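Spelled out, the chains give:
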Amino acid sequence: MNFRKLTSLSGNTKVIVLCSLIVLFLVLFFFYRRAAVKNDPVVKEFSTVKVRTLSTDELKKIIPAKIDSVVALFGVKKEWIKEDGTVAEQDKQKSKKDKTKKPVPPQMPNLWFFREISIPKDVPAVEINYEISNSLYELDFDCAGNEDPKNGNLLLNIYNKKDSSKKTMAAVQFVYTDKVKRDAADVCLILDRVEDISQGNLEEVLKSPEKFSVVLPDIVDKIDAQTIVLDSKRDYLLFMNIGTDEDLTAEFKNDMREKEWKSKVRSVCYEYDKAAGVIVLNPKKIFPLGSDILTEFGLYNLKAYRDTVLIKFNSEETGKRKIDALFNDINVRTQKGGRSMIYLVSLTADEFKNYKEEIFKLKRKGFKFFTFTEIIRRRQKNPETEIKQEITG
């Protein structure tokens, strides 16, 4: 047998197979790319949509509107904004006495506009500068800030990024003053029913740098959750109920002897001496036992409060919508004059994550968040900030 001829034939076969595979690959690749280009909305959009260049008149309207939107995020009111040194158009009726017009700074003539915005001293000018710069980016504009070292006032010069000379087209002057104050409040969030959160997630929640308090779980079969809370050193409260013989979960009952309930109060104070406080719930209005228990707690280092100190927030919403509803409730109460609010709310681990992601929106407006211990101290210094609370949901 001729082995050399057989070997040669095998080599030719390999070459033919390899060439066939290459051709097949190229054909498949061609059809794949054709289908991708046809179905790709990004490619289609770039091939059909034309970018419209804004006119000068349009920019003169859009840029001030963007600035108004940004400063509103920081709780700045419309009446604090003056256009070209005069009160904004919508507020002219409120300021008929002041008809003087503050001229545009002489060093910056022929500006599109010049605005003076009064802001409280707790508003960070650096953050406003950053947000305005971001809002102007899509218009191909930017701003440069000049801070007055004496008073901290900030002058923003707005310019076109395509202009290498950075010629100032418009300007905004932020003036710090004690005469204006944002509608904001002190807020304490107390997480209820944390025993419903899995142990791993609960540990993560309690590690959060955000300021809040929790209700200490007292359910026997959820003792692990109580241990996690105590080990976390998180600010916590005890909830204790007053009821009748029929209320099996009530810590205090109306038929208790005085010596018995006083002993229970003393035992709680010694066992949970690190607690931020005790919330006494008296749904059946059992008096004078309710008042007597509050007084008895006052004899020790652990203070007790009626549950009326709380805003019991309930909502049928879940997830991010629940957090939106919570923040909306805080805003509404603040608009009605509330300046110190303690919320009792149940959140899942995911809802708490949403809370952490969105809380900056309230902080940016001037809202401050505290633990229960901290907000009670602030109330003692300024008791007028507290308002009457009710169930919300």
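Because the structure is predicted, anything quoted here is derived from the model rather than measured. (Residues numbered from 1 in each chain as written. Predicted model: local features only at pLDDT ≥ 70, side-chain atom pairs only at ≥ 80, totals over all residues. Heavy atoms only, no water.)

**A closer look at the overall build of the chain**
Assigned secondary structure in the chain consists of 12 helices and 15 strands. Residue burial in the chain is summarised as follows: out of 393 residues, 41% are buried. Summarising the internal contacts of the chain: among those between residues at least 6 apart in sequence, 68% fall at separations of at least 24. Surface accessibility of the chain: about 24,800 Å² in total, with carbon and sulfur atoms responsible for 53%. (Helix = DSSP H or I, 4+ residues; strand = E, 2+ residues; numbered from the N terminus. Buried < 20%, exposed > 50% of the residue type's maximum accessible area, 1.4 Å probe, protein only. Contact = heavy atoms within 4.5 Å. Areas by Shrake-Rupley, 256 points an atom, 1.4 Å probe, with all protein chains shown as cover.)

**Looking at the side chain of Arg115**
One can find Arg115 in strand β3 (residues 114-119). Owing to a relative accessible area of 6%, Arg115 belongs among the buried residues under this scheme. Beyond its immediate chain neighbours, meaning those up to four positions away, Arg115 contacts Pro64, Asp68, Ile81, Lys82, Glu83, Asp84, Ala171, Val172 and Gln173.

**Some remarks on the packing of helix α7 (residues 258-271) against helix α8 (residues 289-297)**
Contact pair α7 / α8: the axes reach a minimum separation of 10 Å and the direction vectors enclose 40°. Comparing their axes, α8 and α7 come out oblique. Every pair of crossing elements has a handedness; the one defined by α7 and α8 is right-handed. Residues Trp261, Lys262, Val265, Val268 and Cys269 of α7 form the contact with α8, whose participating residues are Leu289, Asp292, Ile293, Glu296 and Phe297. (Axes fitted to C-alpha atoms, helices over the stretch in contact; angles between N-to-C directions. Parallel < 35°, antiparallel > 145°, perpendicular 65-115°, else oblique. Left-handed = near helix turned anticlockwise from the far one by under 90°.)

**Here's the deal with the packing of aromatic side chains**
Given two aromatic rings, their pairing is described by the distance between the two centres and the angle made by the two planes. Using the criterion set out here, one finds seven aromatic pairs in the structure. Ring centres 6.3 Å apart and planes at 75° place the aromatic pair Tyr270 and Tyr300 in the edge-to-face group. Linking Tyr270 in helix α7 with Tyr300 in the loop between α8 and β12 (304-306), this pair joins segments that are 30 residues apart in sequence. For Tyr300, a relative accessible area of 24% translates into the label partly exposed. Aromatic ring contacts, followed pair by pair, group Phe212, Phe327, Phe352 and Tyr355 into a single cluster. Its guanidinium or amino end placed over the ring of Phe212, Arg234 lies 3.9 Å from that ring's centre, counting from NZ or CZ. Positioned above the aromatic ring of Phe74 is the side chain of Arg364, whose terminal nitrogen or guanidinium carbon lies 5.8 Å from the ring centre. (Phe/Tyr/Trp six-rings, centres within 6.5 Å; stacked < 30°, edge-to-face > 60°. Lys NZ or Arg CZ within 6 Å of the ring centre and 35° of its normal.)

**Considering the pattern of salt bridges**
Oppositely charged side chains are able to pair whenever their charged atoms sit close together. In this structure the tally under the stated criterion is 21 salt bridges. Ionic pairing is found between Arg115 and Glu83, a salt bridge with its closest N-O pair at 3.0 Å. Of this pair, Arg115 sits in strand β3 while Glu83 is found in strand β1 (residues 81-83), placing the two residues 32 residues apart along the sequence. On the accessibility criterion, Glu83 (31% relative accessible area) is partly exposed. Among the salt bridges present, the one from Glu374 reaches Lys211, with a minimum N-O distance of 3.1 Å. Here Lys211 lies in the loop between α5 (199-206) and β8 (213-215) and Glu374 lies in helix α12 (residues 372-381), a separation of 163 residues in the sequence. (Salt bridge = Lys/Arg side-chain N within 4 Å of Asp/Glu carboxyl O.)

**Things to note about the packing of α5 against helix α6 (residues 223-232)**
The axes of two packed helices give the description: the angle between them and the distance between them. Contact pair α5 / α6: the axes reach a minimum separation of 10 Å and the direction vectors enclose 25°. Taken together, the axes of α5 and α6 are roughly parallel relative to one another. α5 and α6 meet at a crossing whose hand is right-handed. Facing Gln199, Leu202, Glu203 and Leu206 of α5, the residues of α6 in contact are Asp224, Ala225, Ile228, Val229 and Ser232.

**Some points on unusual backbone geometry**
Here the bond from Phe287 into Pro288 is cis, since omega is 10°, no more than 30 degrees from zero. A positive phi angle, close to 65°, is found at Asp140, a residue other than glycine. Within the secondary structure, Asp140 sits in the loop between α4 (125-137) and β4 (141-147). Taking relative accessible area as the criterion, Asp140 reaches 31% and is therefore assigned partly exposed. Even without being glycine, Arg193 reaches a positive phi, approximately 55°. Relative to the helices and strands, Arg193 is located in the loop between β7 (186-191) and α5.

**A word on the side chain of Asn282**
Of note, Asn282 is situated in the loop between β11 (277-281) and α8. For Asn282, the residues in contact, after removing those within four places along its chain, are Ile242, Phe287 and Gly290.

**Observations regarding the nonpolar core**
Taken as a class, soluble globular proteins show a tendency for nonpolar side chains to be buried jointly. Leu191 and Phe297 are the most contacted members of the largest nonpolar core, which totals 53 residues. Once you skip the residues sitting within four places of it in the chain, Leu191 turns out to touch Val205, Phe212, Ser213, Val214, Val215, Val345, Leu347 and Phe352. Of all hydrophobic cores here, the second largest spans 29 residues; its members include Ile81, Leu136, Leu154 and Phe174. (Core = buried A, V, L, I, M, F, W, Y, C linked by side-chain atoms within 4.5 Å.)

**Points about the environment of Arg378**
Residue placement: Arg378 occurs in helix α12. Judged by its relative accessible area of 36%, Arg378 is partly exposed. Taking the C-alpha atoms as reference points, Arg378 and Asp186, 192 residues apart in sequence, are found 8.9 Å from one another. Discounting residues that sit within four places of it in the chain, Arg378 has contacts with Asp186 and Phe370.

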